[in-house]
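The chain contents come next:
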Amino acid sequence: MKELIETFQIHNRINIYLLDAIDENYLSDLSSSKGRNVAEQFAHIHNVRLMWLKASAPELLAGIEKVEKENKITKKILKDALTKSATAVEKLLQRSEATGKVKGFKPHAAAFVGYLISHESHHRGQIMLSLKQSGHPVDKKIQFGLWEWGVR
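Everything in this summary refers to the structure shown in the same document. (Residues numbered from 1 in each chain as written. Predicted model: local features only at pLDDT ≥ 70, side-chain atom pairs only at ≥ 80, totals over all residues. Heavy atoms only, no water.)

Moving on, we get to the packing of helix 1 (residues 2–21) against helix 3 (residues 75–95). Relative to each other, helix 1 and helix 3 sit at 175 degrees, their axes nearing to 10 Å. What the angle tells us is that helix 1 and helix 3 run roughly antiparallel. Along the contact surface, helix 1 presents Ile5, Phe8, Gln9, Asn12, Ile16, Leu19 and Asp20, while helix 3 presents Lys75, Leu78, Lys79, Leu82, Thr83, Ala86, Val89, Glu90, Leu93 and Gln94. Taken together, the residues of the contact of helix 1 with helix 3 break down into 9 nonpolar, 4 polar and 4 charged. (Axes fitted to C-alpha atoms, helices over the stretch in contact; angles between N-to-C directions. Helix = DSSP H or I, 4+ residues; strand = E, 2+ residues; numbered from the N terminus. Parallel < 35°, antiparallel > 145°, perpendicular 65-115°, else oblique. Contact = heavy atoms within 4.5 Å. Nonpolar A, V, L, I, M, F, W, Y, C, P; charged D, E, K, R; others polar.)

Following this line, the structure appears as structure tokens:
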């Protein structure tokens, strides 16, 4: 379980790495197919984590707020939210060490980590596309940096 938690931590640091690289003014960028803007994509990642925490271990939600798209969403709000929800997910995974299970998710905790990483990476791709289509792509160093799991 230690390696799974570490893998999720690396993944979250990559999310934060991307967020840090985006100019605050570009959080409202939207892909040509519409949908969620950049800020709303990050908020969605956080909010889905909260959905799973509510189902699996609601006591871990203490002090963690949902990010509502109706409110102004800043990089600071997103970074704080992603950091808090990642810590709560890590605690959930630590609790699942004895059974290998996450309440409400099948088949097991390893698949849960895979699900979260897959889901969040999908939205990271949508964020990158939104920025690119809006004329604000992240620079190549950041693009390659998203894949440097050994140093994140």
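The terminal C-alpha atoms of helix 1 lie 29 Å apart, and with 20 residues this matches the ideal 28 Å at 1.5 Å per residue to within 8%. Among all positions in helix 1, only Ile5, Phe8, Ile10, His11, Asn12, Ile14, Asn15, Ile16, Tyr17, Leu18 and Leu19 are buried. Tucked inside the fold, the buried residues of helix 1 contact helix 2 (38–56), helix 3, helix 4 (109–133) and helix 5 (140–145). (Expected span 1.5 Å × (residues − 1). Buried < 20%, exposed > 50% of the residue type's maximum accessible area, 1.4 Å probe, protein only.)

Across soluble globular proteins, nonpolar side chains have a tendency to be buried as a group. In terms of nonpolar packing, the biggest core is built from 24 residues, with Leu18, Ile22, Phe42 and Leu78 touching the most fellow members. Taken together, the elements giving at least two residues each to this core come down to helix 1, helix 2, helix 3 and helix 4. With 6 residues, the top contributor of residues to this core is helix 1. Residues within four places of Leu78 in sequence aside, it is in contact with Leu19, Leu27, Ala39, Phe42, Ala43, Val67 and Ile73. (Core = buried A, V, L, I, M, F, W, Y, C linked by side-chain atoms within 4.5 Å.)

In this section: the environment of Arg13. Along the polypeptide, Arg13 turns up in helix 1. Taking C-alpha positions, Arg13 is 22 Å from Glu97, a pair spaced 84 residues apart along the chain.

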